[in-house]
Amino acid sequence: MERRLLALALTGLPLPALADSPAYSGADVAWIAIAAALVFLMQAGFALLESGLSRAKNALNVVMKNYMDLCVGTLVFWALGFGLMFGGNPSGWFGETLFAPSQGDADLWTLLLFQLMFAATAATIASGAMAERTRYAGYLCGAMVITGLIYPLFGGWAWNSDGWLNRLGFIDFAGSTVVHSVGGWCALAGVMVVGPRLGRFDGQGRPREIRGHNLSFVALGGFLLWFGWFGFNGGSTLSASADIALVNLNTQLAAASGAIGAALYRLLMRRPVLLTETVNGSLAGLVGITAGCATMVPGFAIVTGLLAGLMVGPGARLLLALRLDDVVSAVPVHAFAGAWGTLAAGLFFHGDLFDPQRILVQLLGVAVAFAWAFFAALIMYMLLALTTGLRVPALHEQRGLDLSEHAEIGYPEFSQSHLYNDQVAGGLGGRQ
């Protein structure tokens, strides 16, 4: 059976296909399984952060989308995405084996388990950006396409040892572009198609603030994501080796400097330092370092994280100027910071700084990720809008998606019971 490893060697070069002997020791399997569990926990971080930045009437809906995109994404990636990404790939464009694998060994199951969690992360990024006005069914259909087609195809180009970008020497250790920019560009396409929330912009196009309902959730979600990232990056060594030390040290340094960068931007603009942008700054630092955490020294990890954090505020304001409503700033945090981090991995490559050829390959990877993920997602969301429907009716949006999409309320003490009963009786609550 053909078994391909990720292009995750500390040299930045692809690892060869596995030989007949096992590639993973028992310690390796144990570490990768623990790392996969840490990445799984990131789903809880996304759920808390995104629901906290949404209004109370939509909190349950946001959590449900994060919960279920993990479930449907797991099955779709197992059935289709894993084969496209890591199957035998003679063309360099897509895998042709390993679809719905049911026979294999510990090496295959270890890689599949770890990669399932990465696929779920790529899919869930769009959830927060499109929150508070997107149909539940339409969103889940989109998540299935992302995990089954959009993410694994680009992932195969970059991480399959026969992928065409991999052969060029493209460096993305744990997925600044493969996971985060791909997810971020899908989120950008989603917010363009679904449109802004009601009342987000006035008649002259000026943005109105819509505050999240629970900033404690935002901070807790940020902590959980930060914690999970030690598995996201550290687990990408695919071995229980000493290399984990540098990878996770760089991860920590970049996250901390990302938060500092976001705060510095607010201070330079003479504006209050916000919790929301500070948390997003640390996440941007994490996204930025994910490509080069194994191939740069700690000082450059700090620079990478700091500049990623500085991008969050200007990136969010750019979207507002374009009248694009990204509820959680997913596009600046994941797409923009991911692109920068991928470039930084080429700029700050240890032992060969600022190599023009490597930088050009990194820029090519960033551009290809945008062209593929954004336009594929744009077509997908436009088709969903025309078929299953993507935007909820205005009345449902006003009353909240918890009720209209799920016939439940995340905060029942804030609702009038007779209004709930009337809405369910009128068909807004769906089937009981």
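Shown above is the structure to which this text applies.
All of these numbers come straight from a predicted model, not from anything done at the bench. (Residues numbered from 1 in each chain as written. Predicted model: local features only at pLDDT ≥ 70, side-chain atom pairs only at ≥ 80, totals over all residues. Heavy atoms only, no water.)

> Would you mind going over the overall build of the protein chain with me for this structure?
Check the secondary structure of the protein chain and you find 15 helices and zero strands. Computed over the C-alpha atoms, the radius of gyration of the protein chain is 21 Å, within 12% of the 22 Å expected from 2.2 N^0.38 for a compact globule of 432 residues. Viewed in the frame of its principal axes, the protein chain has a C-alpha envelope of about 65 × 55 × 35 Å. Considering the protein chain as a whole, with its 432 residues, one finds that 59% of them fall into the buried category. Intrachain contacts of the protein chain at a sequence separation of at least 6 include 77% that bridge at least 24 residues. Working note: accessible area of the protein chain is about 16400 Å², and carbon and sulfur atoms make up 68% of it. Of the side-chain charges in the protein chain, 22 are positive and 25 negative, and the distance between the mean point of each set is 14 Å. (Helix = DSSP H or I, 4+ residues; strand = E, 2+ residues; numbered from the N terminus. Rg over C-alpha atoms; globule rule 2.2 N^0.38 Å. Buried < 20%, exposed > 50% of the residue type's maximum accessible area, 1.4 Å probe, protein only. Contact = heavy atoms within 4.5 Å. Areas by Shrake-Rupley, 256 points an atom, 1.4 Å probe, with all protein chains shown as cover. Lys, Arg positive; Asp, Glu negative; His and termini not counted. Charge placed at Lys NZ, Arg CZ, Asp CG, Glu CD.)

> Explanation requested: the packing of aromatic side chains in the structure shown.
For any pair of aromatic rings, the description consists of the separation of the ring centres together with the inter-plane angle of the planes. With the rule as written, the count across this model stands at 20 aromatic pairs. Centroid distance Phe-77 to Phe-82: 6.1 Å. Interplanar angle 70 degrees. Geometry classified as edge-to-face. An aromatic cluster of three or more residues is present, and its members are Trp-93, Phe-154, Trp-157, Trp-164 and Trp-372. Sitting over the face of the ring of Phe-201, Arg-200 holds its NZ or CZ atom 5.9 Å from the ring centroid. Positioned above the aromatic ring of Phe-349, the side-chain terminus of Arg-358 is 4.0 Å from the ring centre. (Phe/Tyr/Trp six-rings, centres within 6.5 Å; stacked < 30°, edge-to-face > 60°. Lys NZ or Arg CZ within 6 Å of the ring centre and 35° of its normal.)

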